[in-house]
Amino acid sequence: MATVGMPTLASVLQQINLGVVLLDAEARVHFWNDFMAVNSGTRAETAVGQLLFELCPEVPELWIKKKLESVFTLENMAFSAWQQRPHLFDFAGSRPITGQAQKMFQNATFFPLREEGGAITLVCLALTDATDIAVQQLALAELNQLLQAEKDEQTRLIKRLEETQAQLLQSEKMAAIGQLAAGVAHEINNPVGFVNSNLGSLKGYFDEVFAVLTEYQTLIAAQGNPELDSAVQALNKKADVDFLTQDIAELIRESQGGLDRVKRIVVDLRDFSHVDSSEWNMADLHHGLDSTLNVIWNEIKYRVEIIKEYGDIPAVEAIGAQLNQVFMNLIINASHAVGEGGHIWLRTGTQDGEVFVEVRDDGCGIDPDNLNRLFEPFFTTKPVGKGTGLGLSLAYSIINKHHGRLTVDSVVGEGSRFTVWLPQRQPAAAAEADA
Amino acid sequence: MSQLTVLSEDQRDALQELMNVAMGQSADRLARLTSTFVTLSVPRVHAVTDTLDKVLDLLGLGKEAMLVTRQSFLGKLRGEVLVCFGEQGASELSGLMGYGDDVDASTQDELLMDVTNILTGACINGLAQQIQTMVSYGSPSLMARAKSLREVLQEQILQGYQSLVLEVRFEVESHSFMCDLLVCITDDSAAVVIEAVDQLLSDF
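Quantities reported herein were computed from a predicted structural model and do not represent experimental measurements. (Residues numbered from 1 in each chain as written. Chains lettered and ligands numbered in written order. Predicted model: local features only at pLDDT ≥ 70, side-chain atom pairs only at ≥ 80, totals over all residues. Heavy atoms only, no water.)

**Some details on the overall build of chain B**
The criterion, for reference: The helix count covers DSSP runs of H or I at least four residues long, the strand count covers runs of E at least two residues long, and both are numbered beginning at the N terminus. The rule is simple: take the accessible area with a 1.4 Å probe, protein chains only, and divide by the maximum for that residue type; under 20% is buried, over 50% is exposed, in between is partly exposed. Values of accessible area rely on a 1.4 Å probe in the Shrake-Rupley scheme; residue burial ignores everything except the protein chains shown.
What chain B contains, in helices and strands, is five helices and eight strands. Order of helices (α) and strands (β) in chain B, N terminus to C terminus: α-β-β-α-β-β-α-β-β-α-β-β-α. Considering chain B as a whole, with its 204 residues, one finds that 55% of them fall into the buried category. Surface accessibility of chain B: about 9200 Å² in total, with carbon and sulfur atoms responsible for 49%.

**A short note on the overall build of chain A**
Quick reminder of the rule: We call two residues in contact whenever any of their non-hydrogen atoms come within 4.5 Å of each other.
Broken down by element type, chain A carries 13 helices and twelve strands. For chain A, buried positions account for 37% of its 435 residues. A sequence separation of at least 24 residues applies to 64% of the contacts in chain A between residues at least 6 apart. By element, 56% of the accessible surface of chain A is carried by carbon and sulfur atoms, the whole surface being about 25400 Å².

**Some remarks on the sheet that holds strand β11 (residues 405-411) of chain A**
Residue and element names in this part refer to chain A. We count it as follows: Following DSSP output, two strands are said to pair if at least two bridges run between them. A fitted line through C-alpha atoms represents every axis, and for helices the fit uses only the stretch in contact; the resulting angles, taken between N-to-C directions, go from 0 to 180 degrees.
Taking strand neighbours across the sheet as the criterion, the five strands line up as β7-β9-β10-β12-β11 in an open arrangement whose pairing is mixed. Of all strands in the sheet, those bounded by a partner on one side alone are β7 (304-309) and β11. Recorded for the sheet is a direction-independent mean angle of 15° between the axes of neighbouring strands. Alignment of strand β9 (residues 342-351) against strand β10 (residues 354-361), held across eight bridges, turns out to be antiparallel. Bridge pairing links Gly349 to Phe356 in β10. This element, helix α9 (residues 285-300), spans β7, β9, β10 and β12 (415-423) of the sheet and lies at about 175° to β7. Helix α10 (residues 320-338) rests against β7, β9, β10, β11 and β12 of the sheet, and its axis sits at about 25° to β10.

**Considerations on a nonpolar patch on the surface**
Where we set the bar: Like-charged residues within 9 Å of one another, or nonpolar side chains (Val, Leu, Ile, Met, Phe, Trp, Tyr) within 5 Å, are grouped into patches, provided each residue has over 30% relative accessible area and no salt bridge. Just to be clear on terms, a salt bridge is a Lys or Arg side-chain nitrogen sitting within 4 Å of an Asp or Glu carboxyl oxygen.
Where nonpolar side chains cluster on the molecular surface, the patch consists of Val4, Met6, Leu9, Val12 and Ile16 of chain A and spans about 460 Å² of accessible area. If you trace the backbone, Ile16 of chain A turns up in the loop between α1 (6-15) and β1 (19-23).

**Quick notes on the state of the cysteines**
The term disulfide refers to a covalent linkage connecting the sulfur atoms of a pair of cysteines. All names here are of chain B. Stated precisely, the cut-off is as follows: Cysteine sulfur atoms that pair up within 2.5 Å are treated as a disulfide.
All chains considered together, the criterion is met by zero disulfides over all chains. The thiol of Cys84 is unpaired, and the distance to the nearest cysteine sulfur, on Cys179, comes to 8.3 Å. What makes Cys84 buried here is its relative accessible area of 4%.

**Concerning the pairing of strand β8 (residues 177-186) of chain B**
All names here are of chain B. Judged by how many residues are buried, β8 sits mostly within the fold: nine of ten residues are covered. Taken together, the seven bridges between strand β4 (residues 79-85) and β8 define a ladder with antiparallel strand orientation. Each bridged residue has a counterpart across the sheet, and for Gly79 the counterpart in β8 is Ile185.

**Topic: the sheet that holds strand β4 (residues 106-114) of chain A**
Residue and element names in this part refer to chain A. Within the open sheet, the five strands sit side by side as β2-β1-β5-β4-β3. Their pairing is antiparallel. Every other strand in the sheet has two partners, leaving β2 (29-32) and β3 (78-80) as the edge strands with one partner each. Taking each pair of neighbouring strands and ignoring which way they run, the sheet shows an average axis angle of 20°. As paired strands, β1 and strand β5 (residues 120-129) are joined by five bridges and run antiparallel to one another. Residue pairing in the sheet places Leu23 in a bridge with Val123 of β5. Helix-sheet contacts for helix α5 (residues 61-74) involve β1, β3, β4 and β5, and the interaxial angle to β4 is about 40°.

**Side note on the interface of chain A and chain B**
Applicable threshold: Defined in terms of a 1.4 Å probe, buried area is the accessible area two parts forfeit on being brought together, summed over both. Residues are sorted three ways: Asp, Glu, Lys and Arg are charged, Ala, Val, Leu, Ile, Met, Phe, Trp, Tyr, Cys and Pro are nonpolar, and all the rest, Gly among them, are polar.
Between chain A and chain B, the contact holds 16 residues from the first and 23 residues from the second. Taken together, both faces of the contact between chain A and chain B bury some 1700 Å²; the carbon and sulfur share is 55%. If you sort the residues of chain A by the area they bury against chain B, Leu74, Phe79 and Gln84 of chain A come out on top, with a joint share of 38%. Across the contact surface, chain A and chain B share two salt bridges. Across the pair Glu110 of chain B and Arg85 of chain A runs a salt bridge, and its minimum N-O distance is 2.5 Å. Contributing elements (two or more residues each) for the side of chain A that touches chain B: α5 and β3 of chain A. With eight residues, α5 of chain A is the largest single contributor of residues to the side of chain A that touches chain B. Class assignment of the residues belonging to the side of chain A that touches chain B gives a composition of six nonpolar, five polar and five charged.

**Some details on the packing of aromatic side chains**
Residue and element names in this part refer to chain A. Test applied: Note on aromatic pairs: the rings of Phe, Tyr and Trp (six-membered ring only in Trp) are paired at centre separations within 6.5 Å, and the planes decide the class, stacked below 30 degrees, edge-to-face beyond 60, tilted for the rest.
Per the counting criterion, the structure on display carries five aromatic pairs over all chains. Ring centres of Phe206 and Phe210 lie 6.1 Å apart, and the angle between their planes is 25°; on these two criteria the pair is classed as stacked. Of this pair, Phe206 and Phe210 both sit in helix α6 (residues 131-223), separated by four residues, roughly a single helical turn. Residue class for Phe206 comes out partly exposed when judged on its relative accessible area of 28%. When the ring of Phe356 is compared with that of Trp421, the centres are 5.4 Å apart and the planes differ by 50°; the resulting orientation is tilted.

**Quick word on the environment of Thr380 of chain A**
Residue and element names in this part refer to chain A. For Thr380, the position within the fold is in the loop between α11 (368-371) and α12 (391-401). The partly exposed category is assigned to Thr380, whose relative accessible area is 31%. When the C-alpha positions of Thr380 and Leu392 are compared, they lie 9.4 Å apart, and in sequence the two are twelve residues distant.

**Quick look at the nonpolar core**
Spelled out, the test is: We define the nonpolar core as a collection of buried residues of types Ala, Val, Leu, Ile, Met, Phe, Trp, Tyr and Cys that are connected through side-chain atoms lying within 4.5 Å of one another.
Counting 86 residues, the largest nonpolar core has Trp32, Leu52, Phe89 and Phe110 of chain A together with Leu77 and Phe170 of chain B as the members making the most contacts within it. Residue contributions to this core peak at ten residues, all from helix α3 (residues 105-130) of chain B. Core analysis: the second largest hydrophobic core is formed by 38 residues, Val316, Met328, Leu394 and Phe418 of chain A among them.

**Looking at the confidence of the model for chain B**
All names here are of chain B. Our working definition: Per residue, pLDDT measures the predictor's confidence, with a range of 0 to 100.
The pLDDT averaged across chain B works out to 77; a share of 84% of its residues lies at or above 70. Confidence scores differ between elements of chain B, with helix α2 (residues 52-59) showing the lowest mean pLDDT of 66 and strand β5 (residues 135-137) the highest of 88. For this predicted complex, the interface score ipTM comes out at 0.77, while the overall pTM is 0.60.

Set out below in structure tokens:
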């Protein structure tokens, strides 16, 4: 086999598909192969003898000097990678037609050239074209980023979907309860109606019976028959007619009062749930507050004192039944916060063209950490099974739908204040779309 | 059975001494390069035959988040060097290494690669000379950012892979800079090192 001669090896170096540059400690070029000449446009005759950073101004002087110094001093290789220094030399991209890269990405290796005697006088810079890999990697990185962004967006959407679903469930539940309540209210209304009317008749009849009775007694007294008189008086005494006369009237009056209350509760229950009306109309908020109080009265009456501070407010365009639900949530929450013997203030009024309903309590207050999570679905500080964590989030979304605001401020140990702000009229288009 | 598990007390001492000589030469060169006073700690030798957790406990640098780079050395002596930087990386050294004081993110990475390469070269060349073998190097790369070494190793190192870990601490006092080098030598080439150690021992 023929030995490969030095001239052949020199040709290899000259023509290899790699940049090969020999540099001394000052960074002066001693060798410049074809790859370098072709890509830089500077012929070897011109390049040799020049300082690299002057020949190629894009190579930082300080950087290249330090690099060479480290190779000479440590007698060790040094590297430059496209990830950190993409374009050491300002060469045009190696895919002029199909690639996106304007410039060539390069990896460089510096290694000390050990002469026969062991001395090192030159450093070889070997430059490889990393454009293909770099472009692919950059595209992949970009794609990764895109995928990640999409994934994040999906996670966000899924979370929103879950929240919406939860709210839907809750509002469906409320609607079902409302429907049930309305049905029951209707059923109660009929018997209450005829009992009431019967009671009215009964009162009339009794009045008449007693009038007749009194007449009889007057007639008997007029006879002047002492025997008959004493017999009648004994009978009267035995039956305690005086008391009966009084008490029957009392009983009937009380029963009528009771029936009136039943009627009012039934009406309020129907108003409150108002299943039939998910329509926008002009709602009287005071009326809404009162019916709500009536419905939940049983739950709060023994524990809390309600103080109404109603202002002078106009009717508001709203879905009344939904607002009632908000009031109910706020008042019940307040009653839970205050516990035994607390106070709840219901204040209404107008400010800057908005109508507000304020539910304030002197209860335990809300921890600042929890304040900004209040309206999150499923967020609750109540023990397991006590609260679903949906009440306030539902209230929030209802008020949102009304183009209003639900604000809260609270001091731990002093109490909380929730304020519902509502516009008097809904923006025309929105009201139609949402209805 | 690996030779590592049966590394005798004498062998371990000799290896430590061998590394120490190599490090001394490296420190001298680094000092000349950076014109500052450089300290390289006496290397500690661990045979990674135990579980990873145990090794990390021994090294005492498993937990805190750091920047980790790596570089391969190839030949009869084969393995990788992991360099653990603090979260600041090597920005302290930018002046010393020929970068301006005002360095952007990619320059900071380049600086890390440079420091990794120089330290790896210094240690491995020293060791290779001591055992009279030739080495070549791959280019350094970033392995992890803001992760603990434990995470990094669990993600990227084959479990149960036996190797020899040499731990060296590198300090540049004037620049409040410090990093740890883990020189991991593969099981098979560790045999080469141990052979050289035995040679050294028999010479005494």
